[in-house]
Amino acid sequence: MAMVMAFEVVGAAAAVFGCALFGILIQMHLICIAYVFLKMNKRNTETPPMKLPGISLLKPLKGVDPHLEDNLETFFELDYPEYEILLCVQEHEDPAIDLCKRLLGKYPNVDAKLFVGGKKVGINPKINNLMPGYEAARYDVVWICDSGIRDGQMDLYQTFRFTMRVDTLADLAHQMTEKVGLVHGLPYTADRRGFAATLEQVYFGTSHARTYVAAHATGFKCVTGMSCLMRKAVVDQAGGLAAFGQYLAEDYFLSKAIADRGWQFAMAQQVALQNPGTYSISLFQSRVIRWTKLRIHMVPATIVCEPVSECFVSGLLVSWSAHYFFQWDIVLAFLCYVFAWFLLDFIKLRLVQGGPLSFSKLDYAVAWFIRESMALFIFCAALWDPVISWRTGRYRLRCGGTAEEVIDM
């Protein structure tokens, strides 16, 4: 008897939780769709109300991939009145050095410098690499922009020619108003060939975009370090860039330090367009597992929140609620829920893309199903092992976000 009552209580609680979860998730979908539709992928044609600030662009580089030179060259061709490019390379034998020198020679009129050697200030290799460039930055606003980011979109229908969005940096600068201390971009990926590229684009345009945009729109600080414009004076108040070398997720702690000092955040109208030349399904999976490990150790509530925010897990809870309260068939309710999620994700993806997709609807369906099916495995893999492999190092995470390097004997 007691066992039956316990099952009834658990069933009722799960049904109530499923209803609440449904309300939260549908709001996240709609907020994301509305925000992207109303505020993103729009060119700024108005005259700026204030003089655009000078900007120091920091580029951390390691190694060379097939797209790196094209990616970097787009930043030498930016349509912006006053900026400098600070190219940072850690190793003296890195082939990226020759590539950088080639671009410096090709664009002698662009204010650009190369820094080699880095400066050891902590465990984070990206921060160590950027330190000489950060210390040499001439302007009050710095733009940390990863090597895989490009300015513009790849057009697969024009044999891999690139079209420029020359207003990308101006768009970031326009968002840096009086009360804003950090401007970030929604991560997305360029159009590239192959199913792995499709899988990445579907992920960044659906699951990642939903959480990222909804968090920003509702006031939560959700920032990735792929493309961030920051006030250097505010970072210096928090101890400078060196103070964040103890963390692997420097973007989270940088944004937290800026928010703690009373500054607001803004999101760019243009996406932070990733265009790495090396990509595969296994690399994508490893990357997402690494990010999940970081979130689990920085924000422990992730352990509960992330699994139930995924389509299939939340679908089971919501369909149980529909059965419990309305006597709907559980299987039918689950299938309807998944199909609705699938359609909402497709709408988000088209809006984030800002134009036609480079792959078919069938490719989208397959990539979407595979991504959703991978979600629980990715979370469990991240929970199982706290060690992160990043670049050439391995690191063991501690609660709170700090880490220690793992030395293999």
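Conventions adopted
Residues numbered from 1 in each chain as written. Predicted model: local features only at pLDDT ≥ 70, side-chain atom pairs only at ≥ 80, totals over all residues. Heavy atoms only, no water. UniProt positions renumbered as here; feature names shortened; annotations may be inferred. Core = buried A, V, L, I, M, F, W, Y, C linked by side-chain atoms within 4.5 Å. Buried < 20%, exposed > 50% of the residue type's maximum accessible area, 1.4 Å probe, protein only. Contact = heavy atoms within 4.5 Å. Pairing = 2+ DSSP bridges. Helix = DSSP H or I, 4+ residues; strand = E, 2+ residues; numbered from the N terminus. Right-handed = clockwise from strand over helix to strand, strands pointing away. Salt bridge = Lys/Arg side-chain N within 4 Å of Asp/Glu carboxyl O.

In the annotation of an unreviewed UniProt entry, the protein chain is listed under the name ceramide glucosyltransferase and assigned to Eptatretus burgeri. In its Sequence similarities (unreviewed entry) section, UniProt records this for the protein chain: "Belongs to the glycosyltransferase 2 family." Recorded under Subcellular location (unreviewed entry), the UniProt text for the protein chain is reproduced unchanged: "Golgi apparatus membrane".

(A) Representation of the nonpolar core within the structure. In this structure, Ile-55, Ile-85, Trp-143 and Leu-186 are the most contacted members of the largest nonpolar core, which totals 84 residues. Contacts of Ile-85, omitting those with residues within four sequence positions, involve Leu-57, Phe-75, Phe-76, Val-110, Asp-111, Ala-112 and Lys-113. Core analysis: the next-biggest nonpolar cluster, separate from the first, contains 36 residues, Leu-86, Leu-241, Ala-249 and Ala-403 among them.

(B) Expanded view of the pairing of strand 3 (residues 112-116). Strand direction decides the pairing type here: strand 2 (residues 83-89) and strand 3, joined by five bridges, are parallel. Paired with Ile-85 across the strands is Ala-112, a residue of strand 3. Viewed along the sheet, the connection from strand 2 through helix 3 (residues 96-106) into strand 3 turns out right-handed.

(C) Looking closely at the pairing of strand 2. In terms of burial, strand 2 is largely enclosed, as seven of its seven residues are buried. Because side chains alternate across strand 2, one face comprises the buried residues Tyr-83, Ile-85, Leu-87 and Val-89, and the other comprises Glu-84, Leu-86 and Cys-88, equally buried. Bridge count between strand 1 (residues 55-61) and strand 2: seven bridges; the pairing is parallel. Its bridge partner being in strand 2, Lys-59 is matched across the sheet by Leu-87. Crossover connection from strand 1 via helix 2 (residues 68-76) to parallel strand 2: handedness right-handed.

(D) Up close: the pattern of salt bridges. Counted by the stated rule, this structure contains 20 salt bridges. Among the salt bridges present, the one from Glu-250 reaches Lys-126, with a minimum N-O distance of 3.4 Å. Here Glu-250, found in helix 9 (residues 250-260), pairs with Lys-126, found in helix 4 (residues 125-136); they are 124 residues apart in sequence, far enough to count as distant. For Glu-250, a relative accessible area of 6% corresponds to the buried category. On the basis of relative accessible area, Lys-126 is assigned to the buried category, the value being 5%. Here Glu-404 ties to Arg-396 by a salt bridge, and the two come within 3.7 Å at their closest N and O atoms. When its relative accessible area of 33% is taken as the criterion, Glu-404 is described as partly exposed. The class for Arg-396 is partly exposed, based on a relative accessible area of 36%.

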